Every structure is written in structure tokens, then in C-alpha cells.
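# Observations on the model geometry
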Amino acid sequence: MGRLENVMEVGKLTVSVRGRSGKGGSRKLRAQGKVPGVCYGASVEGRIEPLPITVDVKQLRSALDPVRKRNTVISLTIEGGAAPRALHALVKDVQIDSLRHDITHVDLLAIDPDKEVRAEVPLEFTGKPKGAIDGGQIRIVLRSLTVRAKPSDIPVKLTVDVSPLEIGDVIHVSAIALPSGVNSVTGRDLAVVTCAAPEEEKAAETAAPGAEGAAPAAGAAPAAGAAPAAGAAAAPAKDAKGAAPAKDAKAGAPAKGAPAAKPAAKK
């Protein structure tokens, strides 16, 4: 334990054993700034069976290193049993209320500081890809790696330099340099980041409607002054009043329904 504390900053957190209460008990805890939780895993003494606990949210946040965050090794004290129990632990999971964004439950993983554990390590991307000169765009596939290491060897982050990437190039997990004592659990052949070609614009999306040379839509009237399409019948010309002559009307014949003209009176 002393060697671990010399290597990295260790937060401190005290929790208490929780009786099984239900939703009503959970609401009372939250009103006091506390949430239900569970602690399980393994310690120097052996396996830790799931133990219901009560966690003070403010103390939990203070126990986490601002850089290591959930990878902070916590010096955990559990009160409420026959005697206080001291363990090392990591924050395994935190449940957040989707509406209030408050912590509602915490899982603490008890660990043996001298044995490897699994942890999520964030990836940091640096540099500007060579392919950006030709319009290439970075596409990030993975933002963290799952690694296995002793708690004191868990890196804060892993850096990925994207500068060498040309259009079409890919960086895989196998290309990421890992510190000594750290092994990747994430598959080595998985893509981490790629430099993609710029998206091609579709002609249908870029062509402006009504552009010069574009054919009129079906059923649309031809533009003023434009010749009718081949095979199309010419529309009858309108008279001076703008009304088209009746179909098949004879010259001088009265329109249908109009009274006949009276003969001229004899002199």
C-alpha cells in the first residue's frame, strides 16, 4: 500500500454498510446528498462478495483525481460492520438520472493493488493529417481503449498522432504505443481513426431548378416564345377578347344556345 501511494495520488473515501430499504429509502438518502451503491471484487484478503453501501456523492467527487477521474485508485473505508474495513477500489460504474443528471447509484470495484485490472483509457488525437491538404477529413472510430494493467500503471490517456495520415489511411489499435506493463484488451485489428476522402456532391443536389437547358417538368407549359415540342399540337389562338373560338364552330353560325337572328323586315 505504501509503494502504491508513492507512485500515484490516492483519493480517500468512507462509505457505510446499507440495509436493504427500497425506493423510499433511496429517496431519503438522496435528500441527504447520498446514494445507494454496491462494492464487490477482490482484495489482498480474497474475494469480496457484493456488499450494499451508502455513498456520499460530494465525498466521492472529491476522492477522484481530476486527471485520472474514474481510474483513481481509492483508499476505501467501509463502516457499519463489526469493525471498519479498509480496501482499495476503483469506480466501476455510475448511474446518472436522465432528467436531473444526478448520480443515482455507484458501483465500486475492490482491487488488489498488485494484480492487474481492466480499465478504460481515453484517447487524445494530435496533429493535422497530410491528407487535409487535399480535403481529407478525420473520422474517429474509437475514443478510448480497454486495457489491462496494475492500478499504478494505468495511463491517464493515450496519445494518437494523426499527422502521417493520407486520404484512405487508417490507424489501428496495434499501432498505438502502450506503456510498459499495459496491454490492450480492445482488439488489435480494430480501426481507431481514418482520413476519409471529401464527400462528393451529387449532381441532383447541386443542379438548380429551372437552369438553362433543363427540360420542363411533365405537364408544364412551354416558356413564352419557345417552340412547342415535336409532335405536340399547337394551342388555338385566342381572339381579341382573349376567348378561344368554339370547337368545330362554323363561320357565321350562332353559338349554341344563342337566339336566332330575326329576318329583315320587308319594305
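For the structure, see preceding data.
Residues numbered from 1 in each chain as written. Predicted model: local features only at pLDDT ≥ 70, side-chain atom pairs only at ≥ 80, totals over all residues. Heavy atoms only, no water.

The subject of this paragraph is the pattern of salt bridges. Going through the model one piece at a time under the given rule, you end up with four salt bridges. Notably, a salt bridge pairs E49 with R47, separated by 3.2 Å at the nearest N-O pair. In this structure, E49 and R47 share a single accessibility class: exposed. Taking the shortest distance from any N to any O, the salt bridge between D97 and R100 comes out at 3.7 Å. Bridged by salt links that share partners, the residues D97, R100 and D102 form one connected network. (Salt bridge = Lys/Arg side-chain N within 4 Å of Asp/Glu carboxyl O. Buried < 20%, exposed > 50% of the residue type's maximum accessible area, 1.4 Å probe, protein only.)

A word on the environment of V35. Within the secondary structure layout, V35 lies in strand β2 (residues 34-43). The exposure class assigned to V35 is buried, which follows from its relative accessible area of 2%. Apart from the residues within four sequence positions on either side, V35 is in contact with L29, R30, I53, T54, V55, V57, I103, T104, H105 and V106. (Helix = DSSP H or I, 4+ residues; strand = E, 2+ residues; numbered from the N terminus. Contact = heavy atoms within 4.5 Å.)

A one-sided burial pattern is seen for strand β10 (residues 158-161), the buried positions being L158 and V160 and the unburied ones T159 and D161. Strand direction decides the pairing type here: strand β7 (residues 117-126) and β10, joined by four bridges, are parallel. Along β10, the bridge assignment pairs F125 with V160. (Pairing = 2+ DSSP bridges.)

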